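Overview (structure and organization)
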Amino acid sequence: MNILAIESSCDDTAAAVLTDDGLAANVVSSQLGHAEFGGVVPELASRAHQRLIVPVVQEALGRAGIQKSEVDAVAVTYGPGLAGSLLVGLSFGKALAVGLDVPLVGVNHLEGHVYSVFLSEPVPAFPYVCLTVSGGHTQLNVVREGFQHELLGRTRDDAAGEAFDKVAKMLDLGYPGGPVIDRLAREGNPAFHDFPRTKLGDFDFSFSGVKTSVLYYLNRLGTDEDRRAFLNDHLADVCAAFQQAVVDVLVDRVRKAVHDTGIKEVAIVGGVSANSALKREAREAAEADGFNLYIPPLAFSTDNAAMIAMTARFKLRVGQTSPLDLAAAPNLAL
Ligand code: KG4
Ligand code: ZN
């Protein structure tokens, strides 16, 4: 069975081909042009998807070495995400499914991240605790066989990746900020300043406090010139201290989830799972607490269509397909 998957929920236009032999193609075209605005501009994103969707799908088919006529199912993200962006991929996917007379499989983007751990060996056993940390979402679930995702907790305000991006913007580091802060933090002292670690209820997160706290910290430094001079010496330290505050909360909640549920299989997925400090500290926690940790490689942790194809494979195995009037669902939850 050859599954062609399309993902266009935010600013990456992506297509992938998954065959019975494995992943045959995984093409991601990240849109340039958002960086100068310090974030994703929805109108620009949907226009770029329109421009990129045909070449990206063609590139995926080409790399996989299959013809359109050999596609057995079309998988596509239908939410959550930007409405205009989702509509481009969804409409294209529907048209392709009709044209090829093959089933359409609508996939929840968050489900895609959750199942991204099945794209590389070793894979977790069900049930597993899953921390999804991206630019749009931060949540903890227990993932059971049969698409049951028990929600343990989620962020009540900003997503972890959003906090990285906003702090990077305050520090003039460009967009997206996560990878830059990660790189700079390697040279910094994580104990340089104690930014707040907010924990709400049993498993809920909040990252707007730490973000605001960085803003106040920078404002207290004095004039623009004072701030520039300070950051000249301590930019890496501020990045490391901020990153440490976020990572501490994430790892602490994962440990608590393992402790409370007794489940020893843990996945960390989504763009922020690429963070080197998070990876290191999660590995240390896994060693200390005796759980198995699964973090997808970078190509599958940031937005991609391979994870959409993998989720569709799980759905097709149990006969789940979608009607052609499937609507884009910008606020779809997991
Ligand atoms: O999963 P993703 O590609 O898109 C969403 O679904 O949101 O995640 C993107 C987010 C951005 O906020 C980006 O800054 C963050 O992941 N990110 C990182 C790192 N790489 C990407 N955050 C921290 N450290 C990183 N190395
Ligand atoms: Zn994502």
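What you are looking at is a predicted structure, and each value in this text was computed from that prediction instead of being measured. (Residues numbered from 1 in each chain as written. Chains lettered and ligands numbered in written order. Predicted model: local features only at pLDDT ≥ 70, side-chain atom pairs only at ≥ 80, totals over all residues. Heavy atoms only, no water.)

Examining the sheet that holds strand β3 (residues 22-30)
The following threshold applies: Strands qualify as paired when DSSP identifies two bridges or more between them. Think of it this way: any DSSP run of H or I at least four residues long counts as a helix, any run of E at least two long counts as a strand, and we number them from the N terminus. Simply put, an axis is a line fit to the C-alpha atoms, just over the touching stretch for a helix, and the angle between two N-to-C directions goes from 0 to 180 degrees.
Read across the open sheet, the 5 strands follow the order β3-β2-β1-β4-β5; overall the sheet is mixed. Of all strands in the sheet, those bounded by a partner on one side alone are β3 and β5 (104-108). In this sheet, adjacent strand axes meet at a mean angle of 20° when their direction is disregarded. Here strand β2 (residues 12-19) pairs with β3 via 8 bridges, running antiparallel.

Here's the deal with the packing of aromatic side chains
Applicable threshold: Pairing of aromatic rings covers Phe, Tyr and Trp, the last through its six-membered ring, and needs centres within 6.5 Å; plane angles under 30 degrees mean stacked, over 60 mean edge-to-face, and all others mean tilted. Three exposure classes are used, based on accessible area relative to the maximum for each residue type with a 1.4 Å probe and protein chains only: buried under 20%, partly exposed in between, and exposed over 50%. Either the NZ atom of lysine or the CZ atom of arginine qualifies as a charge over a ring when it sits within 6 Å of the ring centre and within 35 degrees of the ring normal.
All chains considered together, the criterion is met by 13 aromatic pairs. Both rings, one in Phe118 and one in Phe126, keep their centres 5.6 Å apart while their planes meet at 25°; by these two values the pair is stacked. Judged by its relative accessible area of 14%, Phe118 falls in the buried class. Measuring from ring centre to ring centre gives 6.0 Å for Phe205 and Phe207, while their planes differ by 15°; the resulting arrangement is stacked. Side by side, Phe205 and Phe207 carry an identical accessibility label, which is buried. In textbook terms, an aromatic cluster arises when at least three aromatic residues are bridged by ring pairs, as seen for Tyr115, Phe118, Phe126, Tyr128, Phe147 and Phe314. Above the plane of the ring of Phe147 lies Lys315, whose end atom (NZ or CZ) is 4.2 Å from the centre. Here the basic side chain of Arg317 rests over the ring of Phe314, its NZ or CZ set 5.6 Å away from the ring centre.

Details of unusual backbone geometry
Following Gly79, the chain continues into Pro80 via a peptide bond in cis, with omega recorded as -10°. Here Pro80 lies in the loop between β4 (73-79) and α2 (83-100). The omega angle of the peptide bond from Tyr175 to Pro176 is -10°, so this bond is cis rather than trans. Looking at the element boundaries, Pro176 is found in the loop between α4 (160-170) and α5 (178-185). We note that Asp101 has phi near 55°; this positive angle belongs to a residue other than glycine. Within the secondary structure, Asp101 is located in the loop between α2 and β5.

Interpretation note: all reported values are geometric properties and have no functional meaning in isolation.
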